[in-house]
Amino acid sequence: MAEPAALEHTADVIVVGAGPAGSTTAFHLAQAGLDVLLLEKTSFPREKVCGDGLTPRAVKQLVAMGIDVSEEAGWLRNKGLRVISAGKRLELDWPELSSYPDYGLVRKRDDFDEQLARQAEKAGARLHEQCNVSGPIRDERTGRIVGVEAKLGQEKRQVAFRAPVVVAADGNSSRLSLAMGRHRDEKRPMGVAVRTYFTSPRHDDDYLESWFELWDRRGPREKLLPGYGWVFGMGDGTSNVGLGVLNSSPAFKDLDWREVLRAWCASMPQEWQFTPEHMTGPIRGAALPMAFNRQPHYARGLLLVGDAGGLVNPFNGEGIAYAMESGRMAAEVISQALARQTPAQREVALRGYPKALKDTYGGYYTLGRAFVRLIGNPRVMRLAAERGLDHPALMRFLLKLLANLTDPTGGDATDRVINGLSKVAPRS
């Protein structure tokens, strides 16, 4: 417990973590007129492991926050996805939809995350950097979270923050969730992403590039692994080069994925400069918590958003769009709840958050879990890699499915098929 002399702050809502999920939550809460504390354990700018590529889903959320996404503001736009497999390449433009823009973006995470946090500040959220949350403060009678304890600033001053609602946006490890008894479901898929940056002539590419064949070439026999490689031009003289792999691979725990990335880069054309002497930073890795792998998303005053709630898309490893979308949904639920008069009425409203997530993503994530199991079979993965690009219409369908880009109403036949599958799949 905090010492009696510890500084104490109160708010309507505490958001722990100022990544995309937390900053988006704080922004929309502040826009609704609530007093919000946004607590970030590091200070900006700070690095995060990511591909740095944003699909139209994420762009929509940025626009909703009033972020200037123009090229003049430093964003690099992309037209779609370039797929490379079995020596073939296919460029797939983002679909033209009424629900989403027809372009994606690229921006480094250190700058990207700070922009979102500053936007939340402008909306009225109170941001505390270098604020390391050490645990929850609970009501001794009910066990409900009523605040958090933290160490603030370089001097690590003990602080107690209190609010009737707390949002965990503290990433995959989510120490706050663990302290409240929310553990990861080991049966749900988990991915790992490793990436680095190279100075490269490919830095101004206007397509995100995905390699469906991810080979481990270090032994006497080449092995095709589940997952994909990527090359994203950053527009600043560098390329983000990385790979994402699923735990459905039998070799998931045995391989050194940094070494796999080095071997994969070594097989690239020399003129691309994906070589050690052109590397601008170390290879870094991060876990990708997928498909609701931590639940419940609300209980006893604590909501989980983004990676803390395992909201990464199991089809493609995308996390930022779902972090921001879940943050916006959480903010809407909390705003409605805190406008109600009694604790019982507020609790009923807060319990609507997990239902909103399952209504939005449940069926789609169930399909994604089946997809993860399917491509965990090396034979299936090899067949898909070798044959997929021979069928452009199929690949356009897969782009919409994997990127979750459909119009909910009034879409084409592809949209109706994907939406129909998502509706009939169990929402678990």
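One can find the structure itself at the top, above this paragraph.
Scope of this entry: the structure provided in the associated data block. Note that this is a predicted model, so its numbers are computed, not measured.

A separate point is unusual backbone geometry. Omega for the peptide link from Phe44 to Pro45 comes to -5 degrees, which places this bond in the cis form. Omega for the peptide link from Gln295 to Pro296 comes to 0 degrees, which places this bond in the cis form. Considering the arrangement of structural elements, one finds Pro296 in the loop between strand S20 (284-289) and strand S21 (298-299). Even without being a glycine, Gln273 presents a positive backbone phi close to 70 degrees. The residue Gln273 is located in the loop between helix H5 (257-266) and S20 in this model. Of the residues examined, Gln273 reaches a relative accessible area of 25% and is grouped as partly exposed. Located in the positive-phi region is Arg300, a residue other than glycine, with phi close to 50 degrees. Inspection of the secondary structure assignment puts Arg300 in the loop between S21 and strand S22 (302-304).

Take the sheet that holds strand S9 (residues 126-128) next. An order of S9-S3-S2-S13-S22-S21 is seen for the six strands of this open sheet, with the pairing classed as mixed. In the strand order of this sheet, the two ends are held by S9 and S21, each with one partner. Sheet topology note: the strand S2 (residues 13-16)/strand S13 (residues 165-168) ladder contains four bridges and is parallel. Across the sheet, residue Val15 finds its bridge partner in S13, namely Val167. Set on the sheet, helix H6 (residues 320-338) makes contact with S2, S13 and S22; between it and S13 the angle comes to about 175 degrees.

Definitions and limits used
- Residues numbered from 1 in each chain as written.
- Predicted model: local features only at pLDDT ≥ 70, side-chain atom pairs only at ≥ 80, totals over all residues.
- Heavy atoms only, no water.
- Helix = DSSP H or I, 4+ residues; strand = E, 2+ residues; numbered from the N terminus.
- Buried < 20%, exposed > 50% of the residue type's maximum accessible area, 1.4 Å probe, protein only.
- Pairing = 2+ DSSP bridges.
- Contact = heavy atoms within 4.5 Å.
- Axes fitted to C-alpha atoms, helices over the stretch in contact; angles between N-to-C directions.

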